[in-house]
Structures are given as structure tokens and as C-alpha cells.
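Spelled out, the chains give:
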Amino acid sequence: MWWSKMADQANDSPIKFITPPGVALKDKTVDVEHINSVLQAFLVVAGLVHMHLFNSLLTVTSGKDAKHAQSSKHYIGNAIDLRIVDLPPDYQPVFILYLRVLCDRFHLALFDESNVPGAGHVHIEIAG
Ligand SMILES: [Zn+2]
């Protein structure tokens, strides 16, 4: 895979990762600059598809930041949360299904937390 040749951690890269087209951050506390480069490559594709399908930005609600469960992969930059509840209810399953296909391609694991009270997102992490 082309992305497996990329640096393991964004930290190792001399190139600053810019939030890609089609992607928005929930607020300034959301850090996607220091997430795993596989998740960064994933975001580039996911943002474009979100824009094409829905004509709106894909919002990242958490990257390497925020408060999570103690063993969370967010702390080491191996997880992101993507907002789902801003889509019309009929479209949410479509985007989640699409994300599952994309996660297979990137060897990522997806956890649908869109029905968890106060969450409204899907959690995507490096598998394993
Ligand atoms: Zn998460």
C-alpha cells in the first residue's frame, strides 16, 4: 500500500499537515497535525467524499487531544472522531457505510458512537 511507506508518526515528518479540503475542526483544541499519518491520509479522502456527497464539511471533533478513556488511542494520535449527527438522519447510515469501506482500505477500525448520548460521532482508530 502506498500509505504504508509514509512515516509512522506525523511527528517524524518535516512537512506540516494542513487540515485537508472538505475537513473542518470542531474548534482550536482539535489536533490533527500530530495524528498517525495513516489517519491523515484517510482524512484527505474522507473529506473530499463528504464534500461531494453532502456539499458540506466533514467535522473532526477529536484527534490527539481532549479527554478520553484511560487507554484511549487518542492520546497517542492513533484515533479520530468524526461528527455524524450534523447529517440528515437518512444520510447518516450512508456515510457510515462509506466510512467502513474506506476503513477497510486503510486498515482502520470504526466504532459507531453516533447513538451514544452527547457523542454523535464515529470513532476511527488504527487497528490492532
Ligand atoms: Zn474517539
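See the structure shown above.
Residues numbered from 1 in each chain as written. Predicted model: local features only at pLDDT ≥ 70, side-chain atom pairs only at ≥ 80, totals over all residues.

If you tally the helices and strands in the chain, you get 2 helices and 5 strands. Ordered by position in the sequence, the α and β elements of the chain form the string β-α-β-β-α-β-β. Relative to its full complement of 128 residues, the chain shows a buried share of 31%. Within the chain, contacts between residues at least 6 apart in sequence are counted, and of these 59% link residues at least 24 apart. (Helix = DSSP H or I, 4+ residues; strand = E, 2+ residues; numbered from the N terminus. Buried ≥ 20, exposed ≤ 12 C-beta atoms within 10 Å, placed from the backbone. Contact = placed C-beta atoms within 7 Å.)

Take the sheet that holds strand E4 (residues 108-113) next. Taking strand neighbours across the sheet as the criterion, the 5 strands line up as E1-E2-E3-E5-E4 in an open arrangement whose pairing is mixed. Edge positions in the sheet fall to strand E1 (23-25) and E4, since each of these pairs with one other strand and no more. Strand-to-strand twist in this sheet, taken as the mean axis angle between neighbours without regard to direction, amounts to 30°. Here E4 runs beside strand E5 (residues 121-126); their pairing, made up of 6 bridges, is antiparallel. From the neighbouring strand, Ala109 faces E5, where its bridge partner is Glu125. (Pairing = 2+ DSSP bridges. Axes fitted to C-alpha atoms, helices over the stretch in contact; angles between N-to-C directions.)

Right, let's get into the packing of helix H1 (residues 37-54) against helix H2 (residues 92-106). Taken N-terminus to C-terminus, the directions of H1 and H2 make an angle of 150°; their axes are 11 Å apart at the nearest point. Of the possible angle classes, the one that applies to H1 and H2 is roughly antiparallel. You can see that H1 and H2 cross each other, and the crossing is right-handed. Across from Val38, Ala41, Phe42, Val45, Ala46 and Val49 in H1, the residues of H2 making contact are Tyr98, Leu99, Leu102 and Phe106. Broken down by class, the residue content of the contact of H1 with H2 amounts to 10 nonpolar, no polar and no charged. (Parallel < 35°, antiparallel > 145°, perpendicular 65-115°, else oblique. Left-handed = near helix turned anticlockwise from the far one by under 90°. Nonpolar A, V, L, I, M, F, W, Y, C, P; charged D, E, K, R; others polar.)

Side chains that are three or four residues apart share a direction in an α-helix, a result of its 3.6 residues per turn. In a regular helix each residue adds 1.5 Å, so 15 residues correspond to 21 Å; H2 covers 21 Å between its end C-alpha atoms and thus fits that length. Phi turns positive, to about 55°, at His107, one or two residues after H2. (Expected span 1.5 Å × (residues − 1).)

One finds Ile80 and Leu82 to be the most contacted residues of the largest nonpolar core, which totals 20 residues. At the level of secondary structure, the elements contributing two or more residues to this core comprise H1, strand E2 (58-62), strand E3 (79-83), H2 and E5. The leading source of residues in this core is H1, at 5 residues. If we skip the residues at most four places from it in the chain, Ile80 touches Val32, Ile35, Leu39, Val60, Ser62, Gly63 and Ile124. (Core = buried A, V, L, I, M, F, W, Y, C linked by C-beta atoms within 7 Å.)

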